[in-house]
Amino acid sequence: MPPDGYGAEVSPLAAALAVANAPEFLRKLDRLRLRVRHSLSTRPGNTPMPRGAQGYGLELESHKTYAAGDDLRHLDWNAYGRLDQLLIKTFRAEREAPLHVFVDTSASMHFPPADNKIGFAAALAACLTYVSVRNHDPARIVALGGTLPAGFVASPFVRHRTGLERLRDFLLELRPAGDTALADGIAAALRGRGTPGVAVVVSDFLVPAPLYESALGLLAGRRFTVAAVRVLGPGERDPVRLFRRAELVDAETGARRFVTLGPANLTRYQAALRDHLGGLEAFCRRSGVMLAVVDPAAGIDRALFEDLPGLGLVH
């Protein structure tokens, strides 16, 4: 049975995906590209060189001054005519950057329901995979959760726009449940895959530091370009919006506690939230992982056209 907030008509997740897949919104995404920091795999059809430099590509990268021994076929005769200088054209070999979007589907991604963290995460995954595939790079989505087999379930890689519908169907099936399985799920999803690329982890990261450090460190150690997207809604930033006095139940462990949000407890909560964010930020800075804290209430536009470009993940 779907959890509260996922009715039979249009769920918040489906509504968020509908916005992300609207034709006018996709046209806005057409100008975005993913930025890659590390070495990549060769495209299908290219022949990797077992030793030495990769073969020449087709995309002009820059020029360098001619030196004895350079291949004369790459002399830029137009530049010689204009500048009276012998310049050699250098090219960038075409590589592909597989995109893996890891979406946390643990139970905490459903709470508080008004924040719709899972819907926002699904919409963001749909947009990023669209950007990747449109720029001729393969993409897949991996759902992470403790109730899933081996801690994850993954969509197939999609290489063409005609396959994006399968990724949307995959996202529509996401249901937050169980505990968080970032490290185990990512390790299992990458098993046997040696190709680095771009990895985006979308989560509320509501786990002890060692658990998210293991997950993100694993990706960084495999030479992925890694981005952590921390989804933090207004209900978590300011719980007074939701209640003043209530019995809280941990959605993942079942632990219960009566809480009254008086001034003292609210101060303690805000300090704990700052400490958690500060710890995540410090780890990401040390590990070369990009970190964005995004607010579902601010909208998917804000995340894609302000937060992620500011991070350097897209441009």
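Source: prediction; values computed, not measured. (Residues numbered from 1 in each chain as written. Predicted model: local features only at pLDDT ≥ 70, side-chain atom pairs only at ≥ 80, totals over all residues. Heavy atoms only, no water.)

(A) Layout of the layout of surface pockets. The calculated volume of the largest pocket comes to roughly 1,400 Å³. As for the largest pocket, its lining consists of 39 residues, of which Leu206, Leu248, Val249, Asp250 and Tyr269 are closest to the centre. It is helix α9 (residues 263-287) that provides the largest number of residues to the lining of the largest pocket, a total of six residues. (1 Å grid on protein atoms, 1.4 Å probe; cavity = no way out; pocket = protein on both sides within 12 Å on 5 of 7 lines; lining within 4 Å. Points joined across faces, edges and corners; volume = space filled by probe spheres on them. Helix = DSSP H or I, 4+ residues; strand = E, 2+ residues; numbered from the N terminus.)

(B) Examining the packing of helix α1 (residues 12-20) against helix α5 (residues 164-172) more closely. Between α1 and α5, the shortest axis-to-axis distance is 10 Å and the interhelical angle comes to 155 degrees. Classified by the interaxial angle, the pair formed by α1 and α5 is roughly antiparallel. Relative to α5, α1 is oriented so that their crossing is right-handed. Where α1 approaches α5, its residues Leu13, Ala14 and Leu17 are matched on the opposing element by Arg168, Leu171 and Leu172. (Axes fitted to C-alpha atoms, helices over the stretch in contact; angles between N-to-C directions. Parallel < 35°, antiparallel > 145°, perpendicular 65-115°, else oblique. Left-handed = near helix turned anticlockwise from the far one by under 90°. Contact = heavy atoms within 4.5 Å.)

(C) Region of the structure containing the packing of helix α6 (residues 182-190) against helix α7 (residues 209-221). Contact geometry of α6 with α7 gives a least axis separation of 7 Å together with a crossing angle of 25 degrees. It follows that α6 is roughly parallel to α7 by the angle criterion. Contact with α6, carried on its side by Leu182, Ala183, Ile186, Ala187 and Leu190, involves Leu211, Tyr212, Ser214, Ala215, Leu218 and Leu219 of α7 and no other residues of that element. In terms of residue class, the contact of α6 with α7 is built from ten nonpolar, one polar and no charged. (Nonpolar A, V, L, I, M, F, W, Y, C, P; charged D, E, K, R; others polar.)

(D) How the structure looks around the pattern of salt bridges. Applying the stated rule across the entire model yields ten salt bridges. Here Asp301 and Lys28 are joined by a salt bridge, their closest N and O atoms 2.3 Å apart. Residue Asp301 is found in helix α10 (residues 300-311), and its partner Lys28 is found in helix α2 (residues 23-29); the two are separated by 273 residues along the sequence. According to the relative accessible area criterion, Asp301 is partly exposed, its value standing at 32%. Two residues, Lys117 and Glu236, come together in a salt bridge whose shortest N-O distance is 2.9 Å. Linking Lys117 in helix α4 (residues 117-134) with Glu236 in helix α8 (residues 234-237), this pair joins segments that are 119 residues apart in sequence. (Salt bridge = Lys/Arg side-chain N within 4 Å of Asp/Glu carboxyl O. Buried < 20%, exposed > 50% of the residue type's maximum accessible area, 1.4 Å probe, protein only.)

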